[in-house]
Each structure stands twice: as structure tokens, then as C-alpha cells.
Amino acid sequence: MRRVIWLVLLFLMGCGGEIKHPLVAHGIFLGPAGRPEEVVSLKVPESWELREGLKEVALVAISPVRKGHDFRENLTLVSVPLEAGETSEAFVQRSLKQATRLEGFESLPSPDPSRWALYRHSYGGQPVQVMAYFVTRESSGYIFAFSCAPDDFAETRELFESIARTISVEPEQRQKMKELLDSLQKHDEVMNKHFPKR
């Protein structure tokens, strides 16, 4: 994993178009077929924007603009190959070692160092607090990086943790999430047919 991945994550917070992938709606993300993150499923609030990533970044989800807040809470998903014999704990440590290259990096106490990492850094003078959630499956590691302004962390941490509880990298769970999404989209079609938007 290179420093550029972390910079791409920050770059995508402020730009990019909406995801065109058909399996994204109602705040549900299903990893695109043919990529390592194909098994990923998760749910964010429906008010969040879902944006297409670049290269290793599969997803960028961004909260709505809030009055009085300069920084929008967001989630980015990166998938990277595991090294030979690499454990989940070693993957977390390798990822954190890469993150230390960020400007002003400061590690913070984590509630569960085997799955979570908390740290701060700055980007273009903007302080950022990150709560990263790590999952591994087979030969891939997944980093779900939740970011916000440090002053907003206390009020957004619970939201970040609730989104993390919806994250899965198991095909069976992805299928269930897909069925839910299919059902919601069918409902949309019926509602739009009988109650068209004006």
C-alpha cells in the first residue's frame, strides 16, 4: 500500500461523480463484480452521497453538508492484497505504518487494536480524525476509513460504529443485502408508477 492511497482518499472527499454501479441505492453498497471487494456489503444513511473511487478505492460515501460544519463526515473503502501468511493483526499494523507518513500523524488509543485504529493527521492545513476499521478475508485486506473533523468526533463516533456493524465481507451476507436492495428498488418502481414525481 502506498502513501498515494491515503492521499487519494482525501482527494475524493471533495470531488468525483455519483456511483453509476447499479447495486448502489438506499445507502446500500455491494462491491462490484470482478474485483477483490466484490464480497463487501454495507449500509450508510440514505442521505449520504455514494461516489465512485479511483484505483484501489472502491467507495467514497459522504455525509450531507451541515450548517456550521466545514468538513463532511465520510467513509472510504480500500482493498489491498495481503502479504503471504499475513494475519489480521499484522495487516492492521502494516496499514498503520503506512498511515504514519501522513502529515501530522498522531496515533490515538483504540477500543480494539485488532480491528480498529484511531489517529489524526492534517491535509492542506485541515485537521482530520480517522477511525479505521479493518477486515480480512482470504487473500485480501479491507480498510474502511471513517473521517471527520476532530471537534465532531464525539458526536459522530456512534454513527461510524453503527455503519461498521453493517459491514460484511461474506458472500452470504452480500446476497441478503442484495435481496433487500432488490426489494427496495421494486418498491420504488411501483411507487414511481402510481405516484410519479412532478
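See the structure above.
Just so you know, the residues in each chain are numbered from 1, in the order the chain's sequence is written. Totals for whole chains, interfaces and linings use every residue, but because this is a predicted model, local features are given only for residues with pLDDT of at least 70 and side-chain atom pairs only at 80 or more, for both listing and counting. Based on all heavy atoms of the structure, the side-chain values leave hydrogens and waters out of the count.

Visitor: Before we go on, may I ask you to explain the overall build of the chain in this structure?
Guide: Counting from the N terminus, the helices are the DSSP runs of H or I reaching at least four residues and the strands are the DSSP runs of E reaching at least two. The helix and strand inventory of the chain stands at four helices and 10 strands. Each helix and strand of the chain, ordered N terminal to C terminal, gives the series α-β-β-β-β-β-β-α-β-β-β-β-α-α. The classification of residues rests on relative accessible area computed with a 1.4 Å probe and restricted to protein chains. Under 20% of the type maximum is buried, over 50% is exposed, and intermediate values are partly exposed. Residues classed as buried in the chain amount to 47% of the 198 residues present. Across the chain, contacts joining residues at least 24 apart in sequence account for 53% of those joining residues at least 6 apart. Each accessible area is a Shrake-Rupley result for a 1.4 Å probe, and residues are judged covered by the shown protein chains and nothing else. Taken as a whole, the chain presents about 10,600 Å² of accessible surface, with 52% of it coming from carbon and sulfur. Whether two residues are in contact is decided by their heavy atoms, any of which lying within 4.5 Å being enough.

Visitor: I would appreciate a short explanation of the nonpolar core in the present structure.
Guide: What makes a nonpolar core is a set of buried Ala, Val, Leu, Ile, Met, Phe, Trp, Tyr and Cys residues whose side-chain atoms join them at distances within 4.5 Å. Core analysis: the biggest nonpolar cluster contains 28 residues, and Leu-42, Leu-75, Phe-144 and Phe-146 have the highest contact counts within it. Those elements giving two or more residues to this core turn out to be β5 (57-62), β6 (74-81), β8 (116-123), β9 (126-137), β10 (140-148) and α3 (153-164). Of all hydrophobic cores here, the second largest spans 21 residues; its members include Val-80, Phe-91, Ala-99 and Val-130.

Visitor: Hey, could you run me through the environment of Phe-144 in this one?
Guide: The residue Phe-144 is located in strand β10 in this model. Residue classification places Phe-144 among the buried positions, given a relative accessible area of 0%. Each C-alpha atom, one on Phe-144 and one on Val-60, is 9.8 Å from the other, the two residues being 84 residues apart in sequence. Residues in contact with Phe-144, not counting those within four places in the same chain, are Val-40, Leu-42, Leu-75, Thr-76, Leu-77, Met-131, Ala-132, Tyr-133, Val-135 and Ile-167.

Visitor: Would you mind showing me how to read the pattern of salt bridges here?
Guide: Pairs can form between side chains of opposite charge whenever their charged atoms are close. A pair is scored as a salt bridge if a Lys or Arg side-chain nitrogen falls within 4 Å of a carboxyl oxygen belonging to Asp or Glu. Under the criterion given, the structure shown has 11 salt bridges. A salt bridge links Glu-37 to Arg-35, with the nearest nitrogen and oxygen atoms 2.6 Å apart. When its relative accessible area of 1% is taken as the criterion, Glu-37 is described as buried. Given the relative accessible area of 33%, Arg-35 is considered partly exposed. In this structure, Glu-161 and Arg-157 form a salt bridge, with 3.2 Å as the shortest nitrogen-oxygen distance. Pair noted here: Glu-161 and Arg-157 are both in helix α3, with a separation of four residues, about one helical turn.

Visitor: Explain the packing of aromatic side chains to me, please; I cannot follow it from the model alone.
Guide: The geometry of two aromatic rings is summed up by the distance between their centres and the angle between their planes. Note on aromatic pairs: the rings of Phe, Tyr and Trp (six-membered ring only in Trp) are paired at centre separations within 6.5 Å, and the planes decide the class, stacked below 30 degrees, edge-to-face beyond 60, tilted for the rest. Per the stated rule, a full pass over the model turns up six aromatic pairs. Ring plane angle 45° and centroid distance 6.3 Å describe the contact between Tyr-133 and Phe-144, whose orientation is recorded as tilted. Remark: Phe-144 occurs in strand β10 and Tyr-133 occurs in strand β9; sequence separation between them is 11 residues.

Visitor: Looking at this model, I keep getting lost on the pairing of β6. Mind explaining?
Guide: Successive residues of a regular strand alternate their side chains across the two faces of the sheet. The element β6 is extensively covered by neighbouring structure, given that seven of its eight residues are classed as buried. Strands pair, by our definition, only if DSSP identifies at least two bridges between them. In this structure, β5 lies alongside β6, joined through five bridges in antiparallel fashion. In the sheet register, Val-60 faces β6, and the bridge partner there is Thr-76. Sheet topology note: the β6/β10 ladder contains eight bridges and is antiparallel. Directly across from Val-78, in β10, lies its bridge partner Ile-143.

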